[in-house]
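Inside the fold
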There are 2 protein chains.
Amino acid sequence: MAKWVYSFGGGTADGGSELRNLLGGKGANLGEMCKIGTPVPPGFTVTTEVCTYYYENGETYPGELKDQVRSAVTKLEDIMECKFNSTEMPLLLSVRSGARASMPGMMDTVLNLGLNAETVEAIAKATGDERFAYDSYRRFIQMYCNVVLDIDHHNFEAILEAHKAKHGYKLDTEMTGDDLKIMVKDYEAKVVEMAGAPFPQDPWEQLWGSIGAVFGSWMNPRACTYRRLHSLPDHWGTAVNVQAMVFGNMGEDCATGVCFTRNPATGENAYYGEYLINAQGEDVVAGIRTPQPLSLAEKETAQTDLPSLEEVMPSLYKELCDIREHLEEHYTDMQDMEFTIQQNKLWMLQTRTGKRTAAAALRIAVEMKEEGLIDEKEAVRRVDPGALDQLLHPTLDPKAERTTLTKGLAASPGAATGKAVFSASDAESWVERGEKVMLCRIETSPDDIGGMHVAEGILTSRGGMTSHAAVVARGMGTPCVSGAGDLEIDYAAKTMKIAGETISEGDVITIDGSSGELFLGSVATIQPELTGDFGKLMTWVDGIRTMKVRTNAETPLDAATAIKFGAEGIGLCRTEHMFFDPKRIIHVREMIVAKTEEKRRAALDKLLPYQREDFAELFRIMDGLPVTIRLLDPPLHEFLPHTDADYQEVAEAAGITVDEIKTRAASLHEFNPMLGHRGCRLGVAYPEITEMQARAIFEAACIVAGEGKKVLPEVMIPLVALTAEYDMLKIVVDDAAKAVFAEKGSEVEYMVGTMIEVPRAAFVADKIAEGAEFFSFGTNDLTQMGLGLSRDDAGNFLKIYLDKGVMEVDPFVSIDEEGVGELVRIAAEKGRSTRPDIKLGICGEHGGDPASIHFCQSVGLTYVSCSPYRVPIARLAAAQAALGVKGEQNA
Amino acid sequence: MAKWVYSFGGGTADGGSELRNLLGGKGANLGEMCKIGTPVPPGFTVTTEVCTYYYENGETYPGELKDQVRSAVTKLEDIMECKFNSTEMPLLLSVRSGARASMPGMMDTVLNLGLNAETVEAIAKATGDERFAYDSYRRFIQMYCNVVLDIDHHNFEAILEAHKAKHGYKLDTEMTGDDLKIMVKDYEAKVVEMAGAPFPQDPWEQLWGSIGAVFGSWMNPRACTYRRLHSLPDHWGTAVNVQAMVFGNMGEDCATGVCFTRNPATGENAYYGEYLINAQGEDVVAGIRTPQPLSLAEKETAQTDLPSLEEVMPSLYKELCDIREHLEEHYTDMQDMEFTIQQNKLWMLQTRTGKRTAAAALRIAVEMKEEGLIDEKEAVRRVDPGALDQLLHPTLDPKAERTTLTKGLAASPGAATGKAVFSASDAESWVERGEKVMLCRIETSPDDIGGMHVAEGILTSRGGMTSHAAVVARGMGTPCVSGAGDLEIDYAAKTMKIAGETISEGDVITIDGSSGELFLGSVATIQPELTGDFGKLMTWVDGIRTMKVRTNAETPLDAATAIKFGAEGIGLCRTEHMFFDPKRIIHVREMIVAKTEEKRRAALDKLLPYQREDFAELFRIMDGLPVTIRLLDPPLHEFLPHTDADYQEVAEAAGITVDEIKTRAASLHEFNPMLGHRGCRLGVAYPEITEMQARAIFEAACIVAGEGKKVLPEVMIPLVALTAEYDMLKIVVDDAAKAVFAEKGSEVEYMVGTMIEVPRAAFVADKIAEGAEFFSFGTNDLTQMGLGLSRDDAGNFLKIYLDKGVMEVDPFVSIDEEGVGELVRIAAEKGRSTRPDIKLGICGEHGGDPASIHFCQSVGLTYVSCSPYRVPIARLAAAQAALGVKGEQNA
């Protein structure tokens, strides 16, 4: 017979931590705590398999469940020495959810279950405290109605307030047992009014109602949203934990509290917690009464007069300290615990791995390693690479006041404040005269690069996590909030409207790129402190990981920043980013409008010195590290003039008419530029472009090698779909190398390879590898093509997909392993089948995403490449991947 | 030792037809003819492997070649009983190319090789005909210089003309031996002038020069273009055939000619050929002298006074007739032969399978089967499915005069004449008043459908073979020339400029969609005659093929046409094509601008009756045949209003402002609509659209089933990339079915399945197949995404790709087997692994392409679906695929 119910309590348990998936986090921990002798109120866990069964079978239960619950309750009654629904001292129960991963506050809980018109009297008699009994009953009715019967708690709070008003009470505590007795009648009447039936008096009906409500709450919108945000699958399900109630509100010898074994904000190795005398757990969480500090030390820090538990109940405090040590030692991680003291007896209600800030995670991991509690590997496992991001950027001062206007996507972390400007050129001119600006755009384009570079932060109303704004901002380490869809930006008026406010050019605003929030005015920020702990952890990280970490960089600043963050080379230098400089763009445009190869070559000759100097500078900075340079990638129309003045300028430079240029521009128009004339297709059509770029690379390489530096250029041909494309352009590159080496009388080693970013390329990777010495997976484009999903357009419906659960993660954030990953796997295998030592890297946005980095490790990539600010994150994720830890585990 | 040279002659040969790939078509046939006793001038073949070696080794030859050629020449000398470079009767040679597939006139030939200042005298002495000897030498110098030394033949023709003028000659034949002797001196002087060296006198130098020139000509632009047009790979290479010269120009007892064993234009089983007395082969081909008919019968048909060979040389004519019969029997196919009569001895220079028109191919195949020469299967193999297309459309009368303006792409076959109009609405209004129009557009869009339907033909200046215009035109069977890039269309002026002409609205023009040509004015056309032969062949075809053939159709006319052509169901009904009707588009637009589900449903309710009636009509026509209906596919912005009046109308209908609609329209804009919010993504976002369409399908099915017809609806969900998308929409469809069946009190069988058109879908096809009963491969989109190639934008650079040989075939015309084919294969295998009897079809444009149909057979598809006019082609191609014949073999 299937076992659907697991009991715990009385120093024993049917299961512990080893059954986490089945019992959920809370149930497993309760069992585990029982096993190691922690005083836990006895109870039982209805497994997550019941939840799965429930949803797969039209919200019904397995046949055996009823009997198993009944006998588990009997076991409980035996341990607690009181009976469910007894008119002596009745057993009361709590019913709580408990999923595999913690989802705090997301699902429903019912306390004080088992109370009814008779048992409440029994409690009153047994405790001699009518007020406590009826207060418990009142709370139970309200909670049960809210959770099970869907009657909003305001209905009951209104009754409470009316009663207090009538008697002139200010505080709940002023109410007497009699008051509460009367009020319970009003509550019961309200139930009849709202539900059309009296409040259920049968405790068994109450129990099944509550279990059903917990399972039901697994699919409530809050819970679904939480899971989506934390990438937890719907099919895991929740367990239900039914436990004997213990009361922190039976009098002054009672208390309840929550505590952390270390400080979850700073990571300091000190007890950190709060409690309340004569209260139920919800009172601490609800924030109605001000909780008191646990220890004297905390009391001092908090500069409060409220008495600490250490003073009030010293022996129980001591017991709690012992348990703290015992639990942390047992779980070898910082614990988040809930306890209740009932009539001077301490009960531990829950322990779980405590959530912590990035700073705390780092400090705890490093200190636990130094305390000998965990080893280096475990310390590395303990820090969430995603959270590390927070440590590398300025953050909003948590104490600062703020007026939130809206929330978009947390596109590039860090906080920034500046004056709103609505165009890139305004950004540049404002900054020139000494202002700090926030660039506000509906969306950004490569034309905006100048303005984006000088802005403190970037705000867009359109575009997703991998929109142009987001990608470029992350690359530059500039805070960015993208896709704030509520913003109505009016370029003409230079204003934007949001939440009733109109922000005009020059108005100060603040964004938090880590949360996606937009604030009115200035909000104080604090600078990151990369303490010694960060350095220590990174040393351990580098000792563990097997994949290299490179950076995507094209400017000297980016390259230098990346080196500072530990980059081991450039994995992607996008040469076209070098084309937008005003001194160059004119020649690029001349090249585009040229009608003959001769004129095209003339324009390219003017670009050559610029490109050569760009590459030389990068080679100098990366001295001895490999530099992968991608040949021109975007369609030519991205470089076209926009204004009439621009057209005129190009016409003069190229010696043709504006009309001719406009005709050329029209002929370059594309319906789907993403799938258009770009990448290696440009080189196939105009090999002289490839030749110029290759020449610039090799000339620069020879120059820098001549300066005594080591140069390792890797020339990368983009958007290859056909073996013949690659082979044709490789010849152009090799010929340029030969020519340059002959002219310079010196040679440098170099590699030629390709991006794998078109699905077809994966299938012919074995043939491409005959001529290609490396592959770099362009998983941005591979995702766009593999999923048929335009990155620039998907924003709107991806949100719907995530909301409806059709997709679990944004495939532009974490690699889609089933589809895009399969293409990567096929290409990697085929590439190695031809060339066993082929260098394999990834240079899409996924290269900086921990989950994707795990995938990269699993398919045996040589390196990942990401934006400079994500290099430390990638290093940590790569180490965790080498250890076989999923990046999200500690989130 | 590798054998590079194969000899033939004297009743024996080293190899024949079985070595076609090695010896090339001509070489293999010469060998074969020798083997079966045909009188062939002896010679030898330098194999295609030498050509391959030549190009792979920097244009050098294998080491053993020289000796092998030398000994083959010796063999020749023995058979012909004369010596190369002999001053008695010297052996003269011809050197010709000969590739695996025939490439007539594409590569170089050298005749009379071996002549020099000494041997020419020997020839003069031996034949007693100085004039003949020097004329041969003159011709040889000219040809050799042209082919080997790259000296244009005009240089020599100028000398000839000057000489004739000087002597007052009108005809070449008036020149005496002395004249020619003098002229040869002038020729030799010209060679020194142009080449800087004297004409080579060493016959061996001449031979190697000529062999090199033939191999070199394999890569000349003409040959490359020819191969591209005929999908022949570059790596095949050509062989070189060196053969003893025989002379048709040694006197009046000499002749030369070409003949076909059957009429290549009509297929009539009658000798068809031309000859000239006292001439060399080139004279017949060059068209300088008017060739004479071979037989008396031909003489009568041609109504000429020129004497036939039958009259002039009756016994040789008889011998030729015997050879004709012998060869056709041996090769069991119509032969194209070249012969020479030297001093009353008949020599066969060549035989090969003769090219023929589509009509001839059909007639010959059917008649040969009926003559018992071949069986049904062979008859089916003999007709090129692509050529069949010619038989199904009106064609230009070959006798009609014409003025060609330009040439675009042969986008949809058939000829058409009409008055030029420059907008779809003009087309409609002109046709309403009784005009026949030619719709001329830069490119077409779904908005133009109305105008495209009424036009006689469609002409566009942009777009490729699978542009909107081309696809729709082929679907409608309307002739179309697309991508005529030279056209300058000016919508405002309602004119187009081309080749110095300005065509204004109303001017009559003609297009030939089978050749891509555009003509000024009217050109007479002839209607297709589907003779009994067509019907006979199709019966055999249907008995052989294993794949079903369906059609892509959404209108009753298309469906009925397809049935007439033998379609076995509808493989793709694109429901959105039904949305553009003026009565409906307003509701479509109301639906798009609706701000709430309720309003969207209200608009959809208005569309429902139209869709229901559409589907009912198709079900009636297809009575008993399956109908696959694809749910709404294109992005919603395709349906947006274009004019202010349209905007106003929608605003009134939807009860919102024009500004609100414009805002909505702007929000729907997409950068890459191909990868945007379309296909099943619409249904995921707005399930009510799917629900309406499913409801319309099932209501229609119930209605038509109620009329006693058999209805087999197959509901197809487009653009599925994720299993969850399919599963979600399948539920919507099934729920609609359940609801309709309950309302109607009756049920119809139906299937739900999906398009496989996103690469990712192939990888999860096993999971999708858990819920999908059929897959239809949308290879248009699969090609776009798999190759990262926008169909609408690729036109320009695909041409460059084909020209440069980076691609061998347009992947939108014939499926890219390496990439897209691999995705199809993976999906088919995965689909069958879950559901062994899964129905697999193809509904992209490739479904009507013979080469792609072969691929479909190889991966085991159940059916192909194509536009109505291509159904017979697909039937034939499917039969050939079942026989394992490549469709292009008989081209």
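Everything below is about the structure shown above.
Residues numbered from 1 in each chain as written. Chains lettered and ligands numbered in written order. Predicted model: local features only at pLDDT ≥ 70, side-chain atom pairs only at ≥ 80, totals over all residues. Heavy atoms only, no water.

Quick look at the pattern of salt bridges now. All names here are of chain A. By the definition in use, this model includes 114 salt bridges over all chains. Across the pair Lys299 and Glu311 runs a salt bridge whose closest N-O atoms are separated by 3.1 Å. You can see Lys299 sitting in helix H11 (residues 296-302) and its partner Glu311 sitting in helix H12 (residues 309-312), a full twelve residues away along the chain. With a relative accessible area of 36%, Glu311 lands in the partly exposed category. The partner of Lys738 in a salt bridge is Asp735, with the nearest N and O atoms 3.7 Å apart. Remark: Asp735 and Lys738 occur in helix H28 (residues 723-744); sequence separation between them is three residues, near one turn of the helix. A network of salt bridges, in which partner residues are shared, links Asp333, Arg356, Glu378, Arg381 and Arg382. (Salt bridge = Lys/Arg side-chain N within 4 Å of Asp/Glu carboxyl O. Helix = DSSP H or I, 4+ residues; strand = E, 2+ residues; numbered from the N terminus. Buried < 20%, exposed > 50% of the residue type's maximum accessible area, 1.4 Å probe, protein only.)

Another point: the sheet that holds strand S33 (residues 839-842) of chain B. Residue and element names in this part refer to chain B. Ordered in space as S27-S28-S29-S30-S31-S32-S33-S34, the eight strands form a closed barrel in which the pairing is parallel. Averaged over all neighbouring strand pairs, the angle between strand axes comes to 25 degrees, with direction disregarded. Here four bridges tie strand S27 (residues 548-552) to strand S34 (residues 863-866), and the two strands are oriented parallel to one another. Each bridged residue has a counterpart across the sheet, and for Lys548 the counterpart in S34 is Tyr863. (Pairing = 2+ DSSP bridges. Axes fitted to C-alpha atoms, helices over the stretch in contact; angles between N-to-C directions.)

Another point: the environment of Gly257 of chain A. Tracing the backbone through its elements, the reader meets Gly257 of chain A in strand S9 (residues 255-260). Residues Gly257 of chain A and Gly196 of chain A lie 61 residues apart in sequence; the distance between their C-alpha atoms is 38 Å.

Turning next to the sheet that holds strand S21 (residues 488-490) of chain A. Residues and elements named next belong to chain A. The strand order S21-S22-S23 describes an open sheet built from three strands, whose pairing is antiparallel. The open sheet has two edge strands with one neighbour each: S21 and strand S23 (501-504). Neighbouring strand axes in the sheet, compared pairwise and without regard to direction, differ in orientation by 20 degrees on average. Where S21 lies against strand S22 (residues 495-498), three bridges are found, and the strand directions are antiparallel. Bridge assignment links Ile489 to a residue of S22, and that residue is Met496.

Screw-axis analysis of chain B against chain A gives a translation of 0.1 Å along the axis, an RMSD of 0.2 Å, and a rotation angle of 180 degrees. Taken together, the rotation and translation relating the two chain copies correspond to the operation of a two-fold axis. Relative to the rotation axis, the C-alpha of Asn672 of chain B is the closest in chain B, positioned 2.1 Å from it. Interface residue correspondence from chain B to chain A reaches 100%, placing this contact among same-surface, isologous pairings. (Least-squares fit on C-alpha atoms with pLDDT ≥ 70 in both. Contact = heavy atoms within 4.5 Å.)

For the rest of this paragraph, the subject is the interface of chain B and chain A. Every contact between the two is made by 51 residues of chain B and, on the other side, 51 residues of chain A. In this assembly, chain B packs against chain A so that about 4300 Å² is buried in total across both faces, 58% of it on carbon and sulfur atoms. When the area that chain B buries against chain A is broken down by residue, the three leading residues are Phe671, Leu675 and Arg760 of chain B, summing to 15%. Between the two partners, chain B and chain A, sit six salt bridges. Glu818 of chain B is the partner of Arg760 of chain A in a salt bridge, and the nearest nitrogen-oxygen pair spans 2.9 Å. Counting the contacts that link chain B with chain A gives 26 residue pairs in polar contact (both at pLDDT 80 or more). When its residues are assigned to classes, the side of chain B that touches chain A shows 27 nonpolar, eleven polar and 13 charged. (Buried area = accessible area lost by both parts, 1.4 Å probe. Polar contact = N/O pair within 3.5 Å; in protein donor to acceptor, adjacent residues only side chain to side chain. Nonpolar A, V, L, I, M, F, W, Y, C, P; charged D, E, K, R; others polar.)

A word on the environment of Ile661 of chain A. On the secondary structure map, Ile661 of chain A appears in helix H25 (residues 658-668). Sequence separation between Ile661 of chain A and Ile592 of chain A is 69 residues; the distance between their C-alpha atoms is 9.2 Å.

Moving on, we get to unusual backbone geometry. Glycine aside, negative phi is the norm for most residues, and most peptide bonds take the trans geometry. All names here are of chain A. Residues other than glycine seldom take positive phi values, yet Asn112 does so here, at roughly 65 degrees. Along the chain, Asn112 turns up in strand S7 (residues 109-113). The class of Asn112 is buried, set by a relative accessible area of 1%. A positive phi angle is found at Asn344, which is not glycine, with a value near 65 degrees. Turning to its location among the elements, Asn344 is positioned in the loop between strand S12 (335-342) and strand S13 (345-353).

This paragraph deals with the nonpolar core. Core analysis: the largest hydrophobic core is formed by 296 residues, its most contacted members being Phe619, Phe775 and Phe777 of chain A together with Phe619, Phe775 and Phe777 of chain B. Setting aside residues no more than four positions away along its own chain, Phe775 of chain B makes contact with Thr754, Ile756, Ala765, Ile768, Ala769, Ala827, Gly831, Ile838, Lys839, Leu840 and Gly841 of chain B. (Core = buried A, V, L, I, M, F, W, Y, C linked by side-chain atoms within 4.5 Å.)

This next bit is on the packing of aromatic side chains. Aromatic rings in a pair are described by how distant their centres are and how their planes are angled relative to each other. Residue and element names in this part refer to chain A. Using the criterion set out here, one finds 46 aromatic pairs over all chains in the structure. Considering the side-chain rings of Tyr137 and Phe199, the 6.3 Å spacing of their centres and the 75 degrees angle between planes classify their relative orientation as edge-to-face. One end of the pair, Tyr137, is in helix H5 (residues 130-147); the other, Phe199, is in the loop between helix H7 (177-195) and helix H8 (203-217), and 62 residues separate them in sequence. A single burial state applies to Tyr137 and to Phe199, both of which are buried. (Phe/Tyr/Trp six-rings, centres within 6.5 Å; stacked < 30°, edge-to-face > 60°.)

We now examine the pairing of S7 of chain A. Residues and elements named next belong to chain A. Within S7, four of the five residues are buried, leaving the element largely enclosed by the surrounding structure. Taken together, the three bridges between strand S6 (residues 93-99) and S7 define a ladder with antiparallel strand orientation. Among the inter-strand pairings, Leu93 is bridged to a residue of S7, identified as Leu113.

All names here are of chain B. Mapped onto the elements, Glu338 comes out in strand S12 (residues 335-342). Separated by 286 residues in sequence, Glu338 and Gly624 have C-alpha atoms that sit 55 Å apart. Sequence-distant contacts of Glu338, defined by excluding residues within four places in its chain, comprise Arg96, Gly257, Val258, Trp347, Met348, Leu349, Gln350 and Arg352.

Here the focus is helix H22 (residues 582-593) of chain A. Residue pairs spaced three or four apart in an α-helix point in one direction, given the helix's 3.6 residues per turn. Residues and elements named next belong to chain A. The end-to-end C-alpha separation of H22 is 17 Å, in line with the 16 Å expected for twelve residues at 1.5 Å each. The buried fraction of H22 is high, at ten of twelve residues. Elements in contact with the buried residues of H22: helix H23 (597-621), helix H24 (644-654), H25 and helix H27 (687-706). Where H22 begins, the side chain of Asp581 points an oxygen toward the backbone nitrogen of Lys583, at a separation of 2.9 Å. (Expected span 1.5 Å × (residues − 1).)

On to the packing of H22 of chain A against H24 of chain A, then. Residue and element names in this part refer to chain A. Interhelical geometry of H22 versus H24 gives an angle of 70 degrees and a closest axis separation of 9 Å. With respect to their mutual orientation, H22 and H24 come out roughly perpendicular. In terms of crossing hand, the pair formed by H22 and H24 is right-handed. Residues Ile586, Arg589, Glu590 and Val593 of H22 lie in contact with H24, whose contacting residues are Asp646, Glu649, Val650, Ala653 and Ala654. Across the contact of H22 with H24, the residue classes tally to five nonpolar, no polar and four charged. (Parallel < 35°, antiparallel > 145°, perpendicular 65-115°, else oblique. Left-handed = near helix turned anticlockwise from the far one by under 90°.)

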